[in-house]
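So the chains spell out like this:
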Amino acid sequence: MTKKPARTAIASVARTGSHAHEAGAEAEARVSNRAARAAERRAAIVEAAMEEFIARGFAATRLDDIAKRAGVAKGTIYLHFKDKESMFEELVRIVIVPVVTRLTALPPPVGSVRDLIEAFAGNFLKEVIGTRRGDLVRLIVAEGPRFPSVADFYYREVVSRGIAAMRALIELGIARGEIREKDLARYPQILVAPAMIAVIWQSLFVRHAPLDAQDMLRVHLDLIFGERRTT
């Protein structure tokens, strides 16, 4: 009895297995490519939505305009988003929420509370003022009253996180004796007021009266902490 047929069968099985492996790899590659293309289309839609929202406002922006700018069919948008609101929410998650997450991930309080607040506010001004993020914030301020669901989402994802971080810093400052006005913990909005004023001022009045947001922040913190002593 010869062993050749056995070797032939083994080789045939090996070839079959190799072909199956190659087919599986090709299928995985096709799925991966489709996923990559879908992700690219989604990113293009979000980018186009940001440009349209900023240029036209939330109310006036049409899905047709977004689709045209993104270079996709209008029906493609519905494969990713159910409506304008969900698209705007995605935009906030991508563009603004990561900034808030970075800013609120404060380091251990080894320095003064004022130093931490200056770092927080300074980074906010750098990341938002004069950028597309600032345009989105102004858009929410302008149109939020007409679209409460959008304002509610922004409050949950952005404002509440910033307020909680500021309240924690104020309470730390009170405990350390750096802040004497204990009621400030009830109104952490006061602490971030210069940042919001700067965002709105940049949009409406900067051409009439340029605003030094960093210096305004310094004066604001002097009122809360007292003037810094120079050595």
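All values reported here derive from a predicted model rather than from experimental measurement. (Residues numbered from 1 in each chain as written. Predicted model: local features only at pLDDT ≥ 70, side-chain atom pairs only at ≥ 80, totals over all residues. Heavy atoms only, no water.)

Some details on the packing of aromatic side chains
Then comes step 1: Taken as a whole and judged by the stated rule, the model has five aromatic pairs.
Then comes step 2: One Lys or Arg, Lys 84, reaches over the ring of Phe 58 and ends 4.8 Å from the middle of that ring. (Phe/Tyr/Trp six-rings, centres within 6.5 Å; stacked < 30°, edge-to-face > 60°. Lys NZ or Arg CZ within 6 Å of the ring centre and 35° of its normal.)

What about the layout of surface pockets?
Then comes step 1: Here the largest pocket defines a volume of roughly 560 Å³.
Then comes step 2: Counting residues per element, the ones that place at least two in the lining of the largest pocket are helix 5 (97-104), helix 6 (113-128), helix 7 (132-143), helix 8 (148-176) and helix 9 (189-204).
Then comes step 3: In terms of residue count, the dominant contributor to the lining of the largest pocket is helix 8 (eight residues).
Then comes step 4: Of the residues assigned to the lining of the largest pocket, the class counts are 25 nonpolar, three polar and no charged. (1 Å grid on protein atoms, 1.4 Å probe; cavity = no way out; pocket = protein on both sides within 12 Å on 5 of 7 lines; lining within 4 Å. Points joined across faces, edges and corners; volume = space filled by probe spheres on them. Helix = DSSP H or I, 4+ residues; strand = E, 2+ residues; numbered from the N terminus. Nonpolar A, V, L, I, M, F, W, Y, C, P; charged D, E, K, R; others polar.)

Details of the packing of helix 5 against helix 8
Then comes step 1: Contact geometry of helix 5 with helix 8 gives a least axis separation of 10 Å together with a crossing angle of 10°. One way to sum up the angle between helix 5 and helix 8 is to call them roughly parallel. Where helix 5 abuts helix 8, its residues Val 97, Val 100, Thr 101 and Thr 104 lie against Glu 157, Val 158, Arg 161, Gly 162 and Ala 165.
Then comes step 2: Per-class residue counts for the contact of helix 5 with helix 8 are four nonpolar, three polar and two charged. (Axes fitted to C-alpha atoms, helices over the stretch in contact; angles between N-to-C directions. Parallel < 35°, antiparallel > 145°, perpendicular 65-115°, else oblique. Contact = heavy atoms within 4.5 Å.)

Considering empty space enclosed by the protein
Then comes step 1: Across all of its chains, the model carries one cavity of 30 Å³ or more by this definition.
Then comes step 2: In this model, the largest cavity occupies a volume close to 40 Å³.
Then comes step 3: Lining the largest cavity are Phe 58, Phe 88, Leu 139, Ile 140, Glu 143, Gly 144, Phe 147 and Val 150.
Then comes step 4: Looking at side-chain class alone, the lining of the largest cavity contains six nonpolar, one polar and one charged residues.

Some words on the environment of Asp 83
Then comes step 1: Along the polypeptide, Asp 83 turns up in the loop between helix 3 (74-78) and helix 4 (84-95).
Then comes step 2: Residue classification places Asp 83 among the partly exposed residues on the basis of a relative accessible area of 26%.
Then comes step 3: The sequence separation of Asp 83 and Leu 63 amounts to 20 residues, and the corresponding C-alpha distance is 8.4 Å. (Buried < 20%, exposed > 50% of the residue type's maximum accessible area, 1.4 Å probe, protein only.)

Brief notes about the pattern of salt bridges
Then comes step 1: For the structure on display, the rule yields 21 salt bridges.
Then comes step 2: For Asp 64, the salt bridge is made with Lys 74, and the minimal N-O distance between the two is 3.4 Å. Residue Asp 64 is found in helix 2 (residues 63-70), and its partner Lys 74 is found in helix 3; the two are separated by ten residues along the sequence.
Then comes step 3: Under the relative-accessibility criterion, Asp 64 is labelled partly exposed at 37%.
Then comes step 4: Asp 222 is the partner of Arg 218 in a salt bridge, and the nearest nitrogen-oxygen pair spans 3.1 Å. Of this pair, Arg 218 and Asp 222 are both found in helix 10 (residues 213-225), four residues apart, which corresponds to roughly one turn of the helix.
Then comes step 5: Here Asp 222 falls in the buried class, since its relative accessible area comes to 13%.
Then comes step 6: Among the ionic contacts, a cluster of salt bridges with common partners joins Glu 52, Arg 56, Arg 62, Asp 65 and Arg 69. (Salt bridge = Lys/Arg side-chain N within 4 Å of Asp/Glu carboxyl O.)

A short note on the confidence of the model for the chain
Then comes step 1: On average, the chain scores 85 in pLDDT, and the residues at 70 or more come to 84%.
Then comes step 2: At the low end of the mean pLDDT range in the chain sits helix 1 (residues 4-56), at 74; at the high end sits helix 2, at 94. (pLDDT = per-residue confidence, 0-100.)

What to know about the packing of helix 4 against helix 5
Helix packing geometry: the angle between the two helix axes and the distance between the axes.
Then comes step 1: Two elements in contact, helix 4 and helix 5, have axes separated by 4 Å at closest approach and are oriented at 35°. Listed contacts from helix 5 to Val 92, Arg 93, Ile 94 and Val 95 of helix 4 are Val 97, Pro 98 and Val 99.
Then comes step 2: Its residues assigned to classes, the contact of helix 4 with helix 5 shows six nonpolar, no polar and one charged.

What to know about the side chain of Lys 84
Then comes step 1: If you trace the backbone, Lys 84 turns up in helix 4.
Then comes step 2: Notably, Lys 84 is buried but unbridged: the nearest opposite-charge side chain belongs to Glu 85, and the N-O separation is 6.4 Å.
Then comes step 3: Here Ala 59 takes part through its backbone oxygen, which lies 3.3 Å from a polar atom of the side chain of Lys 84.
Then comes step 4: Apart from residues no more than four positions distant in its own chain, Lys 84 is found in contact with Phe 53, Phe 58, Ala 59, Thr 61 and Leu 63. (Lys, Arg positive; Asp, Glu negative; His and termini not counted. Polar contact = N/O pair within 3.5 Å; in protein donor to acceptor, adjacent residues only side chain to side chain.)

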